[in-house]
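Chains, contacts and geometry: an overview
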Amino acid sequence: MRCASSPYRAEIEQLANHHRPGLPLFRYVIRDHDSEEVVFDGVAGDMREAIDSVNAWLDYLEGAAAA
């Protein structure tokens, strides 16, 4: 997942939840597009939460870079 003009790239993957096997986990990572450095990572309980978190962090990071 990447916005066309964003200097960041986001990845979301589904993981097995070893503590609650019936519920999935979604790990998300935001990387600097050029250096591949991890800028932020986190875990969410569902895909919508992961997408919302990624979008919020991308907004924050892009706003901080513009300031």
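Here we summarise the structure given alongside this text. All values derive from a computational prediction rather than experimental measurement.

To continue, consider the sheet that holds strand E1 (residues 8-15). Here three strands make up an open sheet; going across it, the order is E1-E2-E3 and the pairing antiparallel. With one partner strand each, in any of the chains shown, E1 and strand E3 (38-44) form the two edges of the open sheet. Strand-to-strand, the axes of this sheet are offset by a mean angle of 15°, without reference to chain direction. Bridging between E1 and strand E2 (residues 25-32) involves eight bridges; their strand directions are antiparallel. Bridging from a neighbouring strand, Ile12 pairs with Tyr28 of E2.

In total, this model carries six salt bridges according to the counting rule given. The residue Arg31 makes a salt bridge to Glu11 at a minimum N-O spacing of 3.2 Å. Remark: Glu11 occurs in strand E1 and Arg31 occurs in strand E2; sequence separation between them is 20 residues. The partly exposed category is assigned to Glu11, whose relative accessible area is 28%. With its nearest N and O atoms 3.6 Å apart, the salt bridge here joins Arg27 to Asp41. You can see Arg27 sitting in strand E2 and its partner Asp41 sitting in strand E3, a full 14 residues away along the chain. Taking the relative accessible area as the measure of exposure, Arg27 reaches 30% and is therefore partly exposed. For Asp41, a relative accessible area of 40% corresponds to the partly exposed category. Each of Arg9, Glu11, Arg31 and Glu36 takes part in one network of salt bridges that share partners.

Before going further, it helps to examine the nonpolar core. Formed by Tyr8, Ala10, Phe26, Tyr28, Ile30, Ala44, Ala50, Val54, Leu58 and Leu61, the largest nonpolar core amounts to ten residues. Every element with two or more residues in this core is listed here: E1, E2 and helix H1 (47-66). Ranked by residue count, the leading element in this core is H1, at four residues.

To continue, consider unusual backbone geometry. Even without glycine at this site, Glu36 takes up a positive phi of about 65°. On the secondary structure map, Glu36 appears in the loop between E2 and E3. With a relative accessible area of 36%, Glu36 lands in the partly exposed category.

Reading the values: the criteria
- One numbering rule holds for all chains: residues counted from 1, following each sequence as written.
- Per-residue local features of the predicted model are confined to residues with pLDDT of at least 70, and side-chain atom pairs are confined, for both listing and counting, to 80 or more; whole-chain, interface and lining totals are unaffected and use all residues.
- To obtain the side-chain values, all non-hydrogen atoms of the structure were used and water was disregarded.
- At least two DSSP bridges between two strands are required for those strands to pair.
- Helix and strand assignments follow DSSP, with helices taken as H or I runs no shorter than four residues and strands as E runs no shorter than two, numbered in order from the N terminus.
- Here an axis means a line fitted to C-alpha atoms, over the contact stretch when the element is a helix, while the angle between two N-to-C directions is reported on a 0 to 180 degree scale.
- Salt bridges are counted wherever a side-chain nitrogen of Lys or Arg sits within 4 Å of a carboxyl oxygen of Asp or Glu.
- For each residue, the accessible area found with a 1.4 Å probe, counting protein chains only, is set against the maximum for its type, and the residue is called buried under 20%, exposed over 50%, and partly exposed in between.
- Here, nonpolar core means buried Ala, Val, Leu, Ile, Met, Phe, Trp, Tyr and Cys residues that are tied together by side-chain atoms lying within 4.5 Å of each other.

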